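One letter stands for each residue in the lines below.
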Amino acid sequence: MLFKKSLIPFFRKWIYRWKCFLIKDRWNLLFYTLLLFLPELRTNPWGFTFWSWQSLPYCFALAFVLCAIGHIIRKIIGRLWGTSFMKGWHRILHVIIYSFSFIEMYLVTAFGLRYNNTAIRLLTGTNVNEISEFFSTYLFSNPTLICIVMYSIIGFIEFYLTRKEKQCALINIPIFNILLSLYLILGLVGLSITCISFKEENPIEANRLLKRTINTGENGTVMSIFAIWSELESVKDGEILSHHIHDVKLISTNDSLPQMDIVMIIGESHIKRHTSLYGYNKQTYPLLEKIRDSLLLFNDVITPINSTHEVIRNIFSISSTDDDKKWNEVPLFPAVFKARGWNVILCSNHFTDQDAGDLWNTSINGCLNHKNVSPFCFTTRNHTTYRYDGLMIDSLFNVSDTNILNNKKPTLTLIQLFGQHFNYEDRFPPKEVFFTKDDYKDRTDLNNYQKQIVANYDNACRYNDKQLYKIFKHYKNRNAIVIYFSDHGEEVFDYRNHSGREHQLSKYAPNSYKYQIEIPFIVYMSPKFKEKNPYIAYAMQNAVDKPFMTDDICHLLFYLADIKTAWFNEKRCLIHPNYNINRKRILTNGDEYKK
């Protein structure tokens, strides 16, 4: 009796209201679910795995929430301003959801990316020049055209069906409404548990969490919300870093400073296997080959990840990827050099000291531009960027030679090149063209368009060769050591039909590691440096085959500069007798690198 009097009327009332909702918003619910689910389905080309379909309840629940919110807002707007404004809100909501789905589908199709921290950083960590180059490269690419056609068809179908007044017969079947309600409850419960688990996570671990949850079918929309939240949290990183920047822990400051230059050059997107010095079958580095006997080529060096902003943080931070302390809980190594009395020059063709307030700098290099960090790390910084790296280097030498390098202090010069960043054809002047598509006739697996992309990349390598040769030559008569390595690698149709980077590295391992994680590492020591530092020259020669990851570069620099600080770890110094060659090289995404 109690069941009949209480529960049965409740279910009838619920089903009646549910039917009313379905009748009014059935098409919105259907198409919002479809739009949210399409990128989930695209992560698996066939879409038949359990993990892909497991995400459907999340999409349905989110579509329901959006429809419910939209329904309430339409009611409020309709009462306040009339039906015309109500329809306007409905269109705005449609544009937002279509745009949200379209962008994620494009990221998945073109780059294998979801709405995660990497995507958010790529979207915010981009300046105007990179945006224009991105559109010129990908605007008419196959992924773009596929997405435009797909969403145009979906929009046309929705437009056609919403003009039909015929009601769906399933809405009148009670069991259908009950099952649909249970499915909705399942999605809402799962959504709530997911959001609660996000709240308890540390934003620093966001990338690993995102990878873990995406692989188990969590909804991409939820992931995007958490990714945005964690990125907003990461803006605080600069504030945290500013509290630790003074903690340089110098042990001795009484020793005289050596009269020397240390130069660290960070390249961009340089594929080790496109380097003729490392055996590539095209002459991409002819000038460096002429001075091959003056160079040391290290054979087993990797980057912590294939993303510039993460690499920059890990290179400049004293903390390594497998340390207990996070990157912003310790000083940056330039601060230690500057505190010891060195001139520290930072010259980047990616950003300047004038960009400190930009959102993209907050995201990608904010740790270097923070107002309480930069003055304690650098003596001199560049005020502008240049179309080509060669122009920046010429400007650097003109200014630094006049104002810095001619005094009695030792100098640490940090150079960040634009290197081989796409668009590859924009990385070198037109007069520097050497390779064309006709030089790749042996690549029968590529069409002419793809061959030209490879040619453009190799031309960018040759231009990079000129800049490195120029730098090495500049320091030839000084007491100087120059270290060059790339932030990460790249792919240009090397082993599959793909150009760019892949953020699901393990999916294509080991080839993805060979081209995107393994990097060139080249050391030049001037004759005067070898004469004054024979032990270091000998140790460098003996270290060329040792395994190394660039997150430990600061320990090598401390050793070269003979800076005594508590932060120095001899087991992480590549040329120290106690260097740990058995260190597990764990990437920032949690993968362990194995050759």
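Residues numbered from 1 in each chain as written. Predicted model: local features only at pLDDT ≥ 70, side-chain atom pairs only at ≥ 80, totals over all residues. Heavy atoms only, no water.

**Concerning the overall build of the chain**
Turning to step 1, where the next piece is worked out: From N to C terminus, the chain includes 23 helices and 11 strands.
Turning to step 2, where the next piece is worked out: For the chain, with 595 residues in total, the buried portion stands at 54%.
Turning to step 3, where the next piece is worked out: For the chain, the share of sequence-separated contacts (at least 6 apart) that also reach a separation of at least 24 residues comes to 79%.
Turning to step 4, where the next piece is worked out: When the accessible surface of the chain is split by element, carbon and sulfur atoms take 60% of a total near 27800 Å². (Helix = DSSP H or I, 4+ residues; strand = E, 2+ residues; numbered from the N terminus. Buried < 20%, exposed > 50% of the residue type's maximum accessible area, 1.4 Å probe, protein only. Contact = heavy atoms within 4.5 Å. Areas by Shrake-Rupley, 256 points an atom, 1.4 Å probe, with all protein chains shown as cover.)

**Focus on the pattern of salt bridges**
Turning to step 1, where the next piece is worked out: Under the defined criterion, the tally for this structure stands at 16 salt bridges.
Turning to step 2, where the next piece is worked out: Across the salt bridge formed by arginine 583 and aspartate 551, the nearest N and O atoms sit 2.8 Å from each other. In this pair, arginine 583 sits in the segment after helix 23 (553-561) while aspartate 551 sits in the loop between strand 11 (548-549) and helix 23, placing the two residues 32 residues apart along the sequence. You'll find arginine 583 and aspartate 551 in the same group, each marked buried.
Turning to step 3, where the next piece is worked out: Through salt bridges with shared partners, a single ionic network connects Asp322, Asp323, Asp551, Asp552, Arg572 and Arg583. (Salt bridge = Lys/Arg side-chain N within 4 Å of Asp/Glu carboxyl O.)

**Remarks on the sheet that holds strand 4 (residues 343-348)**
Turning to step 1, where the next piece is worked out: Read across the sheet, 7 strands follow the order 2-10-7-1-6-4-5 without closing on themselves; strand pairing throughout is mixed. Each edge of the sheet is formed by a strand with only one pairing partner; in this case those strands are strand 2 (295-298) and strand 5 (380-381).
Turning to step 2, where the next piece is worked out: When strand 1 (residues 261-267) meets strand 7 (residues 480-486), the two strands line up parallel, connected through 7 bridges. Bridge pairing in strand 7 places glycine 267 opposite serine 486.
Turning to step 3, where the next piece is worked out: Packed onto the sheet, helix 19 (residues 448-474) meets strand 1, strand 2, strand 6 (411-416), strand 7 and strand 10 (521-525) and runs at close to 160 degrees relative to strand 7. (Pairing = 2+ DSSP bridges. Axes fitted to C-alpha atoms, helices over the stretch in contact; angles between N-to-C directions.)

**Points about the confidence of the model for the chain**
Turning to step 1, where the next piece is worked out: When pLDDT is averaged along the chain, the result is 80; 71% of the residues meet or exceed 70.
Turning to step 2, where the next piece is worked out: For residues 1-5, every residue scores under 50 in pLDDT, and the model assigns this stretch 3 contacts once sequence neighbours within four places are set aside.
Turning to step 3, where the next piece is worked out: Predicted confidence for residues 45-51 stays below pLDDT 50, and this span has 8 contacts to residues more than four positions away or in other chains. (pLDDT = per-residue confidence, 0-100.)

**Observations regarding the packing of aromatic side chains**
Turning to step 1, where the next piece is worked out: Within the structure shown, the criterion is met by 18 aromatic pairs.
Turning to step 2, where the next piece is worked out: Look at phenylalanine 102 and tyrosine 151: their rings are 5.5 Å apart centre to centre, the planes differ by 75 degrees, and that puts the pair in the edge-to-face class. Here the residue phenylalanine 102 occupies a position in helix 4 (residues 83-111), and tyrosine 151 occupies one in helix 7 (residues 142-162), the gap between them amounting to 49 residues.
Turning to step 3, where the next piece is worked out: Since its relative accessible area comes to 7%, tyrosine 151 is described here as buried.
Turning to step 4, where the next piece is worked out: Geometrically, the ring pair formed by phenylalanine 333 and phenylalanine 337 is edge-to-face, given 6.2 Å between the ring centres and 75 degrees between the ring planes. On the criterion of helical spacing, the pair formed by phenylalanine 333 and phenylalanine 337 is a turn pair, its members being 4 residues apart in helix 14 (residues 333-339). Neither phenylalanine 333 nor phenylalanine 337 differs from the other in exposure class; each is buried.
Turning to step 5, where the next piece is worked out: Taken together, the aromatic side chains of Phe298, Phe485, Phe521, Phe548 and Tyr579 make up a single cluster linked through ring pairs.
Turning to step 6, where the next piece is worked out: The positively charged end of arginine 462 is found above the aromatic ring belonging to phenylalanine 434, 3.6 Å away from the centroid. (Phe/Tyr/Trp six-rings, centres within 6.5 Å; stacked < 30°, edge-to-face > 60°. Lys NZ or Arg CZ within 6 Å of the ring centre and 35° of its normal.)

**Things to note about the environment of lysine 564**
Turning to step 1, where the next piece is worked out: Note on placement: lysine 564 falls in the segment after helix 23.
Turning to step 2, where the next piece is worked out: For the pair lysine 564 and valine 336, spaced 228 residues apart in sequence, the C-alpha separation works out to 9.6 Å.
Turning to step 3, where the next piece is worked out: Beyond its immediate chain neighbours, meaning those up to four positions away, lysine 564 contacts Lys249, Leu250, Ile251, Ser252 and Asp255.

**Let's talk about the pairing of strand 10**
Turning to step 1, where the next piece is worked out: Most of strand 10 is tucked away: 5 of the 5 residues are buried.
Turning to step 2, where the next piece is worked out: In strand 10, alternate side chains face the same way, and those of Phe521, Val523 and Met525 on one face and Ile522 and Tyr524 on the other are all buried.
Turning to step 3, where the next piece is worked out: Across 4 bridges, the pairing between strand 2 and strand 10 is antiparallel. In the strand pairing of strand 10, leucine 297 is matched with isoleucine 522.
Turning to step 4, where the next piece is worked out: Bridging between strand 7 and strand 10 involves 5 bridges; their strand directions are antiparallel. Bridge assignment links isoleucine 481 to a residue of strand 10, and that residue is methionine 525.

**Notes on a nonpolar patch on the surface**
Turning to step 1, where the next piece is worked out: Residues Val149, Ile153, Phe156, Ile157 and Tyr160 make up a contiguous nonpolar surface patch of about 510 Å² in total accessible area.
Turning to step 2, where the next piece is worked out: Assignment of secondary structure puts isoleucine 153 in helix 7.
Turning to step 3, where the next piece is worked out: Overall, the relative accessible area of 45% leaves isoleucine 153 in the partly exposed class. (Patch = residues over 30% accessible without salt bridge, like charges linked within 9 Å, V, L, I, M, F, W, Y side chains within 5 Å.)

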